[in-house]
Amino acid sequence: MLSVRTMTAQRQEGICRTFALVTLLAGFFAVFHPLASAAATTERVVVNRFSGLAIEGFDPVAYFVEGHPVRGLPDIELMQGGAVWRFHNEGDRAFFAEHPEIYGPQFGGYDPTEVARGVTQAGNPLFFVVADQRLYLFSREANRDAFAADPDRFLAQANARWPELERGLAQ
């Protein structure tokens, strides 16, 4: 016959109390820990919550110079606007440092078609449009295509809604 040790009711109760305490503490630290708020999706500039990189480490200047996304290098970074920006070369970093409002994605990297609807949805650096010398990132291809067909309509709505949405984002 196989013998199995059983746990007494007192030990079971102690384990339940310990589990409850650990769960409570984990919840407390998840809500109130300073890094928890930094990793929130309510940032003024879209950043990767794990790496702190803006636009997933792509060089924002390359969209203008190369016409397509180019990965930035870990050795060529700049901290600006609460995000780490990577660049493919020193020249791109210098251009961005002088004019982040031009080279950085508009609406902080949020999808302008979603901003026009009153929603902050992070853009994907692979779905982009450069229009009127500004970079726009989109959450999906369909949004990019709709924007490209009529940018003026989307920008009028997005520009009208952005100030209120931006106020609601983390400082």
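What counts, and where the lines are drawn
- Residues numbered from 1 in each chain as written.
- Predicted model: local features only at pLDDT ≥ 70, side-chain atom pairs only at ≥ 80, totals over all residues.
- Heavy atoms only, no water.
- Pairing = 2+ DSSP bridges.
- Helix = DSSP H or I, 4+ residues; strand = E, 2+ residues; numbered from the N terminus.
- Core = buried A, V, L, I, M, F, W, Y, C linked by side-chain atoms within 4.5 Å.
- Buried < 20%, exposed > 50% of the residue type's maximum accessible area, 1.4 Å probe, protein only.
- Contact = heavy atoms within 4.5 Å.
- pLDDT = per-residue confidence, 0-100.
- Phe/Tyr/Trp six-rings, centres within 6.5 Å; stacked < 30°, edge-to-face > 60°.
- Lys NZ or Arg CZ within 6 Å of the ring centre and 35° of its normal.

(A) Examining the pairing of strand β3 (residues 124–131) more closely. Sheet analysis places β3 next to strand β4 (residues 134–138), joined by five bridges and oriented antiparallel. Looking at β4, one finds that Phe128 is bridged to Leu137. Turn length for the β3-β4 hairpin, with the two strands adjacent in sequence and antiparallel, is two residues, and the turn residue Asp132 shows positive phi of about 50 degrees.

(B) Representation of the nonpolar core. The biggest cluster of nonpolar side chains holds 17 residues, and the ones touching the most others in it are Phe107, Tyr110, Val115, Tyr136, Phe138, Phe147 and Trp162. It is helix α8 (residues 151–168) that provides the largest number of residues to this core, a total of five residues. Setting aside residues up to four positions removed in sequence, Phe147 forms contacts with Pro112, Thr113, Val129, Ala131, Tyr136, Phe138, Phe154 and Leu155. With 15 residues, the next largest nonpolar core counts Trp85, Phe96, Tyr103 and Leu135 among its residues.

(C) Seen up close, the confidence of the model for the protein chain. On average, the protein chain scores 82 in pLDDT, and the residues at 70 or more come to 74%. Overall, residues 18–42 carries pLDDT values under 50, and its contacts beyond four positions in sequence, including any with other chains, amount to twelve contacts.

(D) Summary view of the packing of aromatic side chains. Scanning the entire structure with this criterion turns up eleven aromatic pairs. Judged by centre distance (5.3 Å) and plane angle (50 degrees), the ring pair of Phe87 and Phe96 falls under tilted. The two residues Phe87 and Phe96 agree in class, both being buried. With a centroid separation of 5.5 Å and an interplanar angle of 75 degrees, the aromatic rings of Phe107 and Trp162 are classed as edge-to-face. Taken as a pair, Phe107 in the loop between α5 (100–103) and α6 (112–116) and Trp162 in helix α8 lie far apart in primary sequence, 55 residues in all. Comparing Phe107 with Trp162 shows no difference in burial state: the two are buried. Members of the aromatic cluster, connected to one another through ring pairs, are Phe107, Tyr110, Tyr136, Phe138, Phe147, Phe154 and Trp162. Taking NZ or CZ as reference, Arg71 lies 4.2 Å from the ring centre of Phe58, over its face. Directly above the aromatic system of Phe154 lies the positively charged group of Arg153, at a separation of 4.2 Å from the ring centroid.

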